[in-house]
Structure formats: structure tokens, C-alpha cells
Amino acid sequence: MSRIGKKEINVPAGVDITIESKSGGLFVKVKGPKGELHRQFRPEILINQEGAVITVARKDESRMSRSLHGLSRTLLNNMVVGVSEGFSKNLEIVGVGYRATLKGTSLDFQVGKSHPVIIEPPSGIDFQVVANTKLTISGPDKELVGQIAANIIAIRPPEPYKGKGIRIAGQKIKRKAGKSASKG
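Definitions and limits used
- Residues numbered from 1 in each chain as written.
- Predicted model: local features only at pLDDT ≥ 70, side-chain atom pairs only at ≥ 80, totals over all residues.
- Heavy atoms only, no water.
- Helix = DSSP H or I, 4+ residues; strand = E, 2+ residues; numbered from the N terminus.
- Buried < 20%, exposed > 50% of the residue type's maximum accessible area, 1.4 Å probe, protein only.
- Contact = heavy atoms within 4.5 Å.
- Salt bridge = Lys/Arg side-chain N within 4 Å of Asp/Glu carboxyl O.
- Expected span 1.5 Å × (residues − 1).
- Arc of directions from axis to C-beta.

A.B. asks: What exactly am I supposed to notice about the side chain of S106 here?
C.D. replies: Take S106: it is sitting in strand β9 (residues 106-110). What makes S106 buried here is its relative accessible area of 8%. Those residues in contact with S106, other than ones at most four positions away along the chain, are T101, I118, I119, E120 and P121.

If you want it as C-alpha cells, here you go:
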């Protein structure tokens, strides 16, 4: 039995969960104060709700069912946590002249390119910029928040010689010695 899959999910007050059975599996809709999320789960997974507790089980002991059990429980738990508390990623920009500004709801990056790079937020995602070099991406969908953060980091990934670029706050960059350090 999956250690993660057999854990119960406690639903906080103010979060409504709708579970519908469809031809391709179960369709789950989670609605809370931070937003609304929905996801379709595979037919190998069973989701039961009893009051404020949700349990995830598998139909049989096949390899596919066993591999989806813990994953499905984690995805459902992330949906519940996302609509009640939300998720966020903190990024920092390192480099002389590198900065981000918030124009309306979109982010405008000046990161050493010949043109500004503008990122439009998808629905449900909020950007906050603090002191031009620190920004926060927040929203109810953990997967989408992480993907947007990865897309922003891809604009100017941190380089190993001077450490300039966009990185997750607190991330350690392995630094390399430059060309002059190897002479001797």
C-alpha cells in the first residue's frame, strides 16, 4: 500500500468539493476562497468523501493503479491546499541593471537583452514586485505557479561565472573559476 496514498485529506471549512463520475474516470472540482480548480483523475483511482475527510483508493493491485495511487492523492491534496491557502514562488534577479517592473498585471523584465521581455499572467496568477529585484508569483494551482516561475527563469538563467540571472530566492549557484584562475 502506498504510504502517501493511504493518508486522508482533511478539507478545511469554506472549501467545496464536487466529485463526478465520467466515462474517462472521476472529475473533481474544488472551490474555495482563493479560486476554483478542476482535474480529471484516471479510472484506476477511487475517491471517496465522507464529511470533511477525503480518501483515495485504487480499484485493483495492477502496476498502473499502484503507481497512480500516491500521485492522485498528492494532486488532490494540492488542489485543496491551493484553493484554501494558495501557493507562491519567490524569485530574485541578480545582475547590474537587471530589474523587473509591474505594468498593470504584466511583468516587464530588463535583463541584458536588447529589448524588454514582457510576461502576461494567466488567469488566477498574481505577480508582485518588491524593490525591482525580488518578485513573487502566487496562485491556487501549484503546477501553474511552478511552470510560470520556470518560464521566467528561462528568460535569463543564472550563469556559473558571475551568478547573474533570475533564480529562486535562496538558491545556491555552483560557481566556476574563470579562465584567469586556471593559469598558474
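A.B. asks: Got a minute to help me understand the pattern of salt bridges in this structure?
C.D. replies: A side chain with one charge may pair with a side chain of the opposite charge, provided their charged atoms come close. In the structure shown here, the tally under the stated rule is four salt bridges. A salt bridge links R58 to E61; its shortest N-O distance comes to 3.3 Å. Judged by its relative accessible area of 12%, R58 falls in the buried class.

A.B. asks: Sorry, what's going on with helix α2 (residues 142-153) here?
C.D. replies: Each full turn of the α-helix corresponds to 3.6 residues, which orients residues three or four apart in the same direction. The terminal C-alpha atoms of α2, which comprises twelve residues, lie 17 Å apart, in line with the 16 Å expected from a rise of 1.5 Å per residue. Along α2, the residues classified as buried are V145, I148, A149, I152 and I153. Buried positions in α2, seen along its axis, are confined to an arc of 140 degrees and lie on one side of it.

A.B. asks: Can you help me understand the environment of L26 in this one?
C.D. replies: Structurally, L26 can be placed in strand β3 (residues 25-32). Considering only alpha carbons, one finds L26 and I45, 19 residues apart in sequence, at a separation of 7.9 Å. In this structure, L26 is in contact with I19, E20, S21, R39, Q40, F41, I45, L46 and I47, ignoring residues within four places of it in sequence.

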